[in-house]
Amino acid sequence: MKIAVLGAGSVGQTMGAALAARGHDVTLGIRNPSGEELSRPRSQAEALTVWQARTKAAVATLSDAAAGAGLIINATQGAGSLEALTAAGAKNLAGKVLIDIANPLDFSRGMPPFLIAGLSGPTSLGEEIQRAFPAARVVKAFNTIAAAVMVDPSLIPGAHDLFIAGNDPDAKAAVSDLARAFGWTNIVDLGGIDGARASESLLPIWVRLYMTGGSPLVNLHVARA
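Residues numbered from 1 in each chain as written. Predicted model: local features only at pLDDT ≥ 70, side-chain atom pairs only at ≥ 80, totals over all residues. Heavy atoms only, no water.

Participant: Explain the environment of Ile145 to me, and be specific about the residues and the numbers.
Facilitator: Position of Ile145 relative to the elements: it lies in the loop between β8 (137-141) and α8 (147-151). Once the C-alpha coordinates of Ile145 and Asn219 are considered, the two residues, 74 residues apart in sequence, prove to be 6.3 Å apart. (Helix = DSSP H or I, 4+ residues; strand = E, 2+ residues; numbered from the N terminus.)

Right, here's the structure in full:
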């Protein structure tokens, strides 16, 4: 499958590398794929020249990556996701499954971050993406765990869950299939895209568990009576 991963931070690089390793045709989308941009050091991630050499995947503009893909993953920073997806182009998103991994976190006051007011409460980033791009088939998923765990849930022993939300049942089924290919067995459907309010609101809990436990290898599990 041709997959565009929009965003070149640690999450985008981790997801893109894992998909490429499983035989998918992956293109990482960034705003400006100049030689200088590809070679510059990145915080908590590889220089893209190094990442490309390791994964054999491509890097292109946001619009070129999205245009050529059958499935799109938004791994941009949540505060800039709508702008990045606009640059990717509404026509390049239309009709395609768009997995939204991003979270609307504000680090302006340092750690721990809080949720951006305009993208939380009575709405969510996932909902605002679906509203801005109504022809895209948005599924909120993979946003409640560390990047390494997204693509390898066995890093955390025992039962733990992946939460998904979206309006399109077929799109959620496709995302669930991709998750199972990574090894996920416990997939919890939170309903429509408004379920993104719930999964995005888990991030402050996840951050606290990371801070108090000293490891990002932590997740939640739903136990029902």
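Participant: Explain the sheet that holds strand β2 (residues 25-30) to me, using residue names and the numbers behind them.
Facilitator: If you trace the 8 strands from one edge of the open sheet to the other, you get β3-β2-β1-β4-β5-β8-β9-β10, paired in mixed fashion. Either end of the sheet is taken by a strand with one partner, and the two such strands are β3 (58-61) and β10 (187-189). Between one strand and the next, the sheet's axes are offset by a mean angle of 25°, whatever the strand orientation. Bridge analysis of strand β9 (residues 162-166) against β10 gives 3 bridges, and the strand direction is parallel. Within the sheet, the bridge partner assigned to Leu162 lies in β10 and is Ile187. Across the sheet, helix α3 (residues 48-55) lies against β2 and β3, angled at about 135° from β3, the strand it touches most. (Pairing = 2+ DSSP bridges. Axes fitted to C-alpha atoms, helices over the stretch in contact; angles between N-to-C directions. Contact = heavy atoms within 4.5 Å.)

Participant: Got a sec to walk through unusual backbone geometry? Specific residues and values, please.
Facilitator: Of note, the bond from Met111 into Pro112 is cis; its omega dihedral lies within 30 degrees of zero at -5°. Position of Pro112 relative to the elements: it lies in the loop between β6 (105-106) and β7 (114-115). In this model, Gln44 sits at a positive phi of 60°, which is unusual for a non-glycine residue. A relative accessible area of 73% means that Gln44 is categorised as exposed. One non-glycine residue, Lys56, lies in positive phi territory at about 65°. Looking at the secondary structure, you find Lys56 in the loop between α3 and β3. A relative accessible area of 71% places Lys56 in the exposed class. (Buried < 20%, exposed > 50% of the residue type's maximum accessible area, 1.4 Å probe, protein only.)

Participant: Residue-level account of the packing of aromatic side chains, with values.
Facilitator: Summed over the entire model, instances satisfying the criterion amount to 2 aromatic pairs. A centroid spacing of 6.2 Å and a plane angle of 80° characterise the contact between Phe142 and Phe182, whose relative ring orientation is edge-to-face. A residue pair is termed long-range when its members are at least 10 positions apart, and Phe142 in the loop between β8 and α8 and Phe182 in helix α9 (residues 169-182) qualify at 40 residues. Residue Phe142 shares its accessibility class with Phe182, and that shared class is buried. Look at Trp206 and Tyr210: their rings are 5.4 Å apart centre to centre, the planes differ by 65°, and that puts the pair in the edge-to-face class. Within this pair, Trp206 and its partner Tyr210 are both found in helix α11 (residues 203-213), separated by 4 residues, close to a single helical turn. The buried category is assigned to Trp206, whose relative accessible area is 14%. (Phe/Tyr/Trp six-rings, centres within 6.5 Å; stacked < 30°, edge-to-face > 60°.)

Participant: Describe the pattern of salt bridges, naming the residues involved and giving the relevant values.
Facilitator: Pairing between side chains becomes possible if they bear opposite charge and their charged atoms approach one another. Evaluated as defined, the whole model comprises 10 salt bridges. Notably, a salt bridge pairs Glu37 with Arg42, separated by 2.6 Å at the nearest N-O pair. On the basis of relative accessible area, Arg42 is assigned to the buried category, the value being 15%. Here Asp168 ties to Arg137 by a salt bridge, and the two come within 2.8 Å at their closest N and O atoms. (Salt bridge = Lys/Arg side-chain N within 4 Å of Asp/Glu carboxyl O.)

Participant: So what's going on with the nonpolar core? Residues and values would help.
Facilitator: Within the largest apolar cluster, 44 residues are counted, with the highest numbers of intra-cluster contacts made by Met15, Leu19, Ile73, Ile99, Phe142 and Phe182. Excluding anything up to four places from it in sequence, Ile73 contacts Ile3, Ala4, Val5, Leu6, Met15, Leu19, Ile99 and Ile101. Counting 21 residues, the second-largest nonpolar core is a separate cluster that includes Ala65, Leu85, Phe133 and Ala136. (Core = buried A, V, L, I, M, F, W, Y, C linked by side-chain atoms within 4.5 Å.)

Participant: Lay out the packing of helix α5 (residues 81-88) against helix α7 (residues 125-132) in plain terms, naming residues and giving numbers.
Facilitator: One can describe the packing of α5 onto α7 by two numbers: an axis separation of 10 Å at closest approach and a directional angle of 30°. It follows from the interaxial angle that α5 and α7 lie roughly parallel. Every pair of crossing elements has a handedness; the one defined by α5 and α7 is right-handed. Here Ser81, Leu82 and Leu85 of α5 come into contact with α7, specifically with Leu125, Glu128, Ile129 and Ala132. (Parallel < 35°, antiparallel > 145°, perpendicular 65-115°, else oblique. Left-handed = near helix turned anticlockwise from the far one by under 90°.)

Participant: Help me get a handle on the environment of Ala174, residues and values and all.
Facilitator: Note on placement: Ala174 falls in helix α9. Among the residues examined, Ala174 registers a relative accessible area of 31% and is labelled partly exposed. Sequence separation of Ala174 and Val97 is 77 residues, and the distance between their C-alpha atoms is 8.1 Å.

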